[in-house]
Amino acid sequence: MSQYKNILVAIDLSEDTTPILRRGLAIAHPGNAELHLIHVIEPLSFAYGGDIPMDFSGIQEEIHQQASQQMLRLANAHNVDAQHQHIVLGKPEVEIHTKAEELEADLIVVGSHGRHGLALLMGSTANGVLHGASCDMLAVRVGQDK
Ligand code: AMP
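Residues numbered from 1 in each chain as written. Predicted model: local features only at pLDDT ≥ 70, side-chain atom pairs only at ≥ 80, totals over all residues. Heavy atoms only, no water.

K.L.:
Please clarify how the overall build of the protein chain should be interpreted in this entry.
P.N.:
What the protein chain contains, in helices and strands, is six helices and five strands. Listing the helices and strands of the protein chain from first to last along the sequence gives β-α-β-α-α-β-α-β-α-α-β. In the protein chain, which comprises 146 residues, the proportion classed as buried is 38%. Expressed as a percentage of contacts within the protein chain between residues at least 6 apart in sequence, the contacts between residues at least 24 apart total 77%. Of the roughly 8700 Å² of accessible surface on the protein chain, a fraction of 52% belongs to carbon and sulfur atoms. (Helix = DSSP H or I, 4+ residues; strand = E, 2+ residues; numbered from the N terminus. Buried < 20%, exposed > 50% of the residue type's maximum accessible area, 1.4 Å probe, protein only. Contact = heavy atoms within 4.5 Å. Areas by Shrake-Rupley, 256 points an atom, 1.4 Å probe, with all protein chains shown as cover.)

Written out as structure tokens, the structure reads:
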């Protein structure tokens, strides 16, 4: 039986997502742990807001729809129901922490790339989630360097 009761799997919807989700499912399913998925959409205004006087709402809506469809496909393929799928707007690290607290998650699962050079110095989402996480965290190695 899984030691965990509430597992939050953070997914960026890239090609690395399936192995990360499968790792979460493998931990959740020997017992009766709940498994939630979260995908965070960063508002375009965070990146361009002050600099480009433009209305991003149409593009933002399109991004949201695409993400919802991808999340649904993935969730259906792995039997994750609608109540366990979360798409939120914001900064990934912040929103993952907020959702983990809201759900009383006891494990957060993220992907982690082996990084070198500048990318290593700049940090990663996995690092950001680890700092300040109030529960266990599993970083699943993904990508070419794993
Ligand atoms: P990165 O540091 O951006 O390469 O991402 C590493 C991992 O952080 C991904 O495999 C996901 O688990 C998580 N992550 C990154 N971006 C997002 C996002 N927008 N929403 C949810 N999780 C994310």
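K.L.:
Explain the sheet that holds strand E3 (residues 85–89) to me, please; I cannot follow it from the model alone.
P.N.:
Two strands in a sheet stick together by hydrogen bonds in their backbones, pointing the same way (parallel) or opposite ways (antiparallel). Strand order in the open sheet formed by five strands is E3-E2-E1-E4-E5, and the pairing between neighbours is parallel. This sheet does not close on itself; its edge strands, each paired only once, are E3 and strand E5 (136–142). Shown here is a sheet whose adjacent strand axes are inclined to one another by a mean of 25 degrees, direction ignored. For strand E2 (residues 34–41) and E3, the ladder comprises five bridges, and the chain directions are parallel. (Pairing = 2+ DSSP bridges. Axes fitted to C-alpha atoms, helices over the stretch in contact; angles between N-to-C directions.)

K.L.:
What am I meant to see in helix H3 (residues 57–77) here?
P.N.:
Quick reminder: α-helices carry 3.6 residues per turn. Residues three or four places apart thus point the same way. In this model H3 runs 30 Å from its N-terminal to its C-terminal C-alpha over 21 residues, within 8% of the 30 Å that 1.5 Å per residue would give. All of the buried residues in H3 are Gln60, Ala67, Met71, Leu74 and Ala75. Buried residues in H3, looked at end-on, bunch into an arc of 95 degrees, giving them a common side. Opposite the buried face of H3, at more than 90 degrees from it, the exposed residues are Gly58, Arg73, Asn76 and Ala77. Count one or two residues on from H3 and you reach Asn79, which has phi positive near 55 degrees. (Expected span 1.5 Å × (residues − 1). Arc of directions from axis to C-beta.)

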